[in-house]
Amino acid sequence: MKTILRTTAAGLAIASLGVASPASAATDTASATAEILSTLTVTAVTGDDVLDFGDIAPQASLSTTSTVVVAPDGTGTCGADLTCSGTTNAPTFDVTGLAGTQVAVSFPSATATLTRGGAVPTGMVNTMNVGSFTTSANTLNLATGTGQFTMGGTLTVAANQAPGVYTGSVTVEVLYN
């Protein structure tokens, strides 16, 4: 009988080791929230959607590269050893989003390539880079849910630039702050 009691007592002692007491458990909660923002759009204004550097003529004294800059207000600055004429333009973009928010304006790529179609004359190049992009507003307040900005950039012209019309595109991006 004593052996049965000792075995039972030992079994109960071992079994109680695996049972957790309420004093050793703890719990807490955290809040979870989410805010759904309205779709954010950016659209180039029809009829004012071209970053135009005007007409550019490299002078015989151009030995490497020079630049033409179009500011966000549309004014152009012609670099050394270039002759510039014609009209320059900074494109305008409309932004639509959640009223009362701010958005940041950025450029996913630091440069864009403009390309001239057709055969390339010997010793000449048929691409140009646009970079150093600027905007009339790096941050837009969408007080009523809409905003607008313009952009400028810098075109690099080589001494051996092939004559012709060069085209390409620049991507702009807006993100909620």
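Keep in mind that what you see is a predicted model, and the values were worked out from it rather than measured.

The rules behind the values
- Residues numbered from 1 in each chain as written.
- Predicted model: local features only at pLDDT ≥ 70, side-chain atom pairs only at ≥ 80, totals over all residues.
- Heavy atoms only, no water.
- Helix = DSSP H or I, 4+ residues; strand = E, 2+ residues; numbered from the N terminus.
- Buried < 20%, exposed > 50% of the residue type's maximum accessible area, 1.4 Å probe, protein only.
- Contact = heavy atoms within 4.5 Å.
- Areas by Shrake-Rupley, 256 points an atom, 1.4 Å probe, with all protein chains shown as cover.
- 1 Å grid on protein atoms, 1.4 Å probe; cavity = no way out; pocket = protein on both sides within 12 Å on 5 of 7 lines; lining within 4 Å.
- Points joined across faces, edges and corners; volume = space filled by probe spheres on them.
- Polar contact = N/O pair within 3.5 Å; in protein donor to acceptor, adjacent residues only side chain to side chain.
- Disulfide = S-S within 2.5 Å.
- Pairing = 2+ DSSP bridges.

Quick notes on the overall build of the protein
Thinking step 1. The number of helices and strands found in the protein is 1 helix and 13 strands.
Thinking step 2. Secondary structure elements of the protein occur, N-terminal to C-terminal, as α-β-β-β-β-β-β-β-β-β-β-β-β-β.
Thinking step 3. Scored against the burial criterion, the 177 residues of the protein give a buried share of 27%.
Thinking step 4. By sequence separation, contacts in the protein at least 24 residues apart represent 74% of the contacts at least 6 residues apart.
Thinking step 5. When the accessible surface of the protein is split by element, carbon and sulfur atoms take 56% of a total near 11,000 Å².

Structural notes on the layout of surface pockets
Thinking step 1. Its boundaries defined by the atoms lining it, the largest pocket holds a volume of some 600 Å³.
Thinking step 2. Along its surface, the largest pocket is lined by 27 residues, and Leu51, Phe53, Leu114, Tyr166 and Thr167 are the ones closest to its centre.
Thinking step 3. Residue assignment for the lining of the largest pocket shows that the elements contributing at least two residues are β2 (55-58), β9 (127-135), β11 (146-158) and β12 (166-167).

Considering the side chain of Ser66
Thinking step 1. As for its placement among the helices and strands, Ser66 is situated in strand β3 (residues 65-70).
Thinking step 2. Taking relative accessible area as the criterion, Ser66 reaches 7% and is therefore assigned buried.
Thinking step 3. A polar contact of 2.6 Å, which involves the side chain of Ser66, links it to the backbone oxygen of Ala80.
Thinking step 4. Setting aside residues no more than four positions away along its own chain, Ser66 makes contact with Gly79, Ala80, Leu82, Leu155, Thr156 and Val157.

A look at the state of the cysteines
Thinking step 1. If you walk through the whole model with that rule in mind, you get 1 disulfide.
Thinking step 2. Here Cys78 pairs with Cys84 through a disulfide, and the sulfurs are 2.1 Å apart. Measuring handedness by torsion sign, the sulfur bridge of Cys78 and Cys84 sits at about 70° and is right-handed.
Thinking step 3. Taking the relative accessible area as the measure of exposure, Cys78 reaches 32% and is therefore partly exposed.

Remarks on the pairing of β11
Thinking step 1. Judged by how many residues are buried, β11 sits mostly within the fold: 10 of 13 residues are covered.
Thinking step 2. By the bridge criterion, 6 bridges tie β3 to β11 in an arrangement that is antiparallel. Pairing of Thr67 across the sheet is with Thr156, part of β11.
Thinking step 3. Here 5 bridges tie strand β6 (residues 92-96) to β11, and the two strands are oriented antiparallel to one another. Paired with Thr96 across the bridge in β11 is Thr146.
Thinking step 4. As paired strands, β9 and β11 are joined by 5 bridges and run antiparallel to one another. Looking at β11, one finds that Gly131 is bridged to Thr154.

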